[in-house]
Amino acid sequence: MTEWTDPDTFARALEDVETKEKGNCFEDFEEGDLVEHDPGLTLTEWGNEQWMSQTLNHDPAYWRTDAADARGFDEPPIHPDYLTAATLGITVEDLSEKGGYFLGRTDVRFPGAPVYAGTELHVESEVVNTATSSSRPEYGIVSWRTRGMDAETGDVLCSYERTNMIPRREPLATDGSGAATADGDGDDEPDLPEEFVAPAGGYYEDFVVALEEAADRDAAVAYRHERGRTQDDVTVASLPLATLNTAKQHHNVDVMADSPSGNIVTYGDVTRSTALGHARSDERTWREVGFDDESFHTFVAVGDTVYAFTRVLEADDDASSDGAGTVTFEHIAFNQHDEPVYSGTRTAEIRKRSN
Ligand SMILES: CC(C)(COP(=O)(O)OP(=O)(O)OC[C@H]1O[C@@H](n2cnc3c(N)ncnc32)[C@H](O)[C@@H]1OP(=O)(O)O)[C@@H](O)C(=O)NCCC(=O)NCCSC(=O)C[C@H](O)C(=O)O
């Protein structure tokens, strides 16, 4: 009789049996394909608070009813970062569970805001682009347009376009000519402005004054935020799983030992939300409007610390409330070695001092 648990027998059995695979490879995606993501998620107060607390997003309007009321919400709403991460998390099983690195995202919008706890999320994605990676023949590059909807009403709550590297079933044959070229040789002097201006406070007017101060000079409105968040089991493994994100990059140390990072890595949405949390702690946010040109530059792993740097790009008096103006920022998340790990632009309505 076969002793299935005899170590040699079992090791041999493991080698010979088929593995029931999860996820899709690059070859499985065709432009125009529409994917309905089966898992749904009820956006709960617990999930929202867990995400916000661990990423240092402590805006009281998302925690307390009096603060929510003062900001024009019926009750503390679901935070846009958690909504974004949950919308993406649900898609991972179909789109990127095979191990694709999250490279970037743009046009993140919240047409149905505000969203409250108890909303059931239904998510669908359309393949908008598939491309060969010239530097990495074992991967292709896929972009999807994703919509997270209220399952009951069909209203779109969050939408964006995301791009991942996705493993190919068969690596592309190359003649080597597509090998990566050297990225910036470090010979050039950094092309930085002569001066940096920091806003005096976090109100809309403070950003306007800082931009005026920097105008017509070789200056930028740019500053760093003091807080850092060292990545641990909660941020790396628990938060993505709480959004049903099944990417092995975040919870399978065994498989990830053989990957370019050599270890499990932080979900891109945790990295960016943490950096945004640091930035928001130095401003008086009214509403989040949207995000564009988001890129993930290198891996973040357990033990790495996520810091944030902000550049103020423009300010506009127009907003959904007379008590706010609109500011566009570039946020850069960086690690303990001062290496950028994420960058993206963010447009947010910021409270005016007078109100
Ligand atoms: C993934 C990397 C290791 C790749 O590094 P490298 O080989 O040095 O290449 P590049 O970074 O220059 O880019 C490779 C190709 O991809 C294209 N690219 C890059 N960014 C974008 C973008 N935003 N949109 C479209 N295309 C993009 C480049 O043009 C290159 O193309 P080609 O020359 O033809 O090959 C490295 O980038 C890296 O480490 N990045 C960080 C990745 C990361 O940590 N992401 C977050 C964690 S993973 C995650 O969250 C997964 C998530 O759960 C999910 O499921 O999505």
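Structure's up top.
Throughout what follows, the structure given in this document is the object of discussion. (Residues numbered from 1 in each chain as written. Predicted model: local features only at pLDDT ≥ 70, side-chain atom pairs only at ≥ 80, totals over all residues. Heavy atoms only, no water.)

We now examine the side chain of D292. Positionally, D292 belongs in strand 8 (residues 285-296). Assessed through its relative accessible area of 18%, D292 is described here as buried. For D292, the residues in contact, after removing those within four places along its chain, are R105, T106, D107, R109, G344 and T345. (Helix = DSSP H or I, 4+ residues; strand = E, 2+ residues; numbered from the N terminus. Buried < 20%, exposed > 50% of the residue type's maximum accessible area, 1.4 Å probe, protein only. Contact = heavy atoms within 4.5 Å.)

Counting 34 residues, the largest nonpolar core has L43, W51, L83 and L121 as its most contacted members. Among the elements of the structure, helix 4 (80-95), strand 2 (102-109), strand 3 (120-132), strand 5 (156-167), helix 8 (268-280), strand 8, strand 9 (305-316) and strand 11 (340-351) are those that each provide at least two residues to this core. The biggest single contributor to this core is helix 4, with seven residues. Ignoring any residue separated from it by four or fewer positions in sequence, one finds L121 in contact with G40, L41, L43, L83, A86, T87, I90, G148, M149 and L157. Core analysis: the next-biggest nonpolar cluster, separate from the first, contains 13 residues, V197, Y204, A214 and V327 among them. (Core = buried A, V, L, I, M, F, W, Y, C linked by side-chain atoms within 4.5 Å.)

Below, the discussion takes up the site of the ligand. Looking at the ligand, there are 28 residues lining it, with S96, S133, S135, R136 and R162 nearest. Within the side chain of S135, one N or O atom sits 2.5 Å away from an oxygen atom of the ligand. Between the ligand and N164, the relevant distance is 2.9 Å, taken from an oxygen atom to a side-chain nitrogen or oxygen of the residue. In isolation the ligand exposes 1100 Å². Once the protein is present, 73% of that is buried. (Near = heavy atom within 4 Å. Polar contact = N/O pair within 3.5 Å; in protein donor to acceptor, adjacent residues only side chain to side chain. Areas by Shrake-Rupley, 256 points an atom, 1.4 Å probe, with all protein chains shown as cover.)

Time to look at a negative patch on the surface. A contiguous patch of negative charge, built from E45, D69, D74 and E75, is present on the exposed surface. Along the chain, E75 turns up in the loop between helix 3 (65-70) and helix 4. (Patch = residues over 30% accessible without salt bridge, like charges linked within 9 Å, V, L, I, M, F, W, Y side chains within 5 Å. Salt bridge = Lys/Arg side-chain N within 4 Å of Asp/Glu carboxyl O. Lys, Arg positive; Asp, Glu negative; His and termini not counted. Charge placed at Lys NZ, Arg CZ, Asp CG, Glu CD.)

Another point: the layout of surface pockets. Here the largest pocket is characterised by a volume of approximately 480 Å³. Around the largest pocket, the lining comprises 27 residues; the ones closest to its centre are Y101, F102, F296, T298 and F299. Of all the secondary-structure elements, those providing two or more residues to the lining of the largest pocket are helix 4, strand 2, strand 5 and helix 8. Here the lining of the largest pocket gets three residues from one element, more than from any other, and that element is strand 5. Broken down by class, the residue content of the lining of the largest pocket amounts to 14 nonpolar, 11 polar and two charged. (1 Å grid on protein atoms, 1.4 Å probe; cavity = no way out; pocket = protein on both sides within 12 Å on 5 of 7 lines; lining within 4 Å. Points joined across faces, edges and corners; volume = space filled by probe spheres on them. Nonpolar A, V, L, I, M, F, W, Y, C, P; charged D, E, K, R; others polar.)

Our focus in this paragraph is the pattern of salt bridges. In total, this model carries 23 salt bridges according to the counting rule given. Close ionic contact of R311 with E330 constitutes a salt bridge, the shortest N to O distance being 3.0 Å. In this pair, R311 sits in strand 9 while E330 sits in strand 10 (residues 324-334), placing the two residues 19 residues apart along the sequence. Notably, a salt bridge pairs D317 with K352, separated by 3.2 Å at the nearest N-O pair. Placement of the pair is D317 in the loop between strand 9 and strand 10 and K352 in the segment after strand 11, with a sequence separation of 35 residues.

Turning next to the packing of aromatic side chains. Each aromatic ring pair is specified by the distance between its two centres and by the angle formed by the two planes. If you walk through the whole model with that rule in mind, you get 11 aromatic pairs. An angle of 40° between the planes, with centres 6.1 Å apart, marks the rings of W51 and Y82 as tilted. With W51 in helix 2 (residues 45-54) and Y82 in helix 4, this pair connects stretches of sequence that are 31 residues apart. Considered together, W51 and Y82 belong to a single accessibility category, that of buried residues. Arranged with centres 5.5 Å apart and planes meeting at 25°, the rings of Y307 and F334 form a pair that is stacked. Of the two residues, Y307 sits in strand 9 while F334 sits in strand 10, which places them 27 residues apart along the sequence. Members of the aromatic cluster, joined through ring pairs, are W51, Y82 and Y267. Here R105 stacks its cationic end above the ring of Y160, 5.4 Å away from the centre of that ring. Taking NZ or CZ as reference, R272 lies 4.3 Å from the ring centre of F291, over its face. (Phe/Tyr/Trp six-rings, centres within 6.5 Å; stacked < 30°, edge-to-face > 60°. Lys NZ or Arg CZ within 6 Å of the ring centre and 35° of its normal.)

On to the pairing of strand 2, then. Where strand 2 and strand 5 come together, five bridges link them in antiparallel fashion. Across the sheet, the residue bridging to F102 is N164, located in strand 5. As paired elements, strand 2 and strand 8 share four bridges and run antiparallel to each other. Bridge pairing links V108 to F291 in strand 8. (Pairing = 2+ DSSP bridges.)

Two elements in contact, helix 4 and helix 8, have axes whose closest approach is 10 Å; the angle formed by their N-to-C orientations is 175°. Relative to helix 8, the element helix 4 lies roughly antiparallel. Contacts between helix 4 and helix 8 pair D81, T84, A85 and L88 from the former with D269, R272, S273, L276 and R280 from the latter. Its residues assigned to classes, the contact of helix 4 with helix 8 shows three nonpolar, two polar and four charged. (Axes fitted to C-alpha atoms, helices over the stretch in contact; angles between N-to-C directions. Parallel < 35°, antiparallel > 145°, perpendicular 65-115°, else oblique.)

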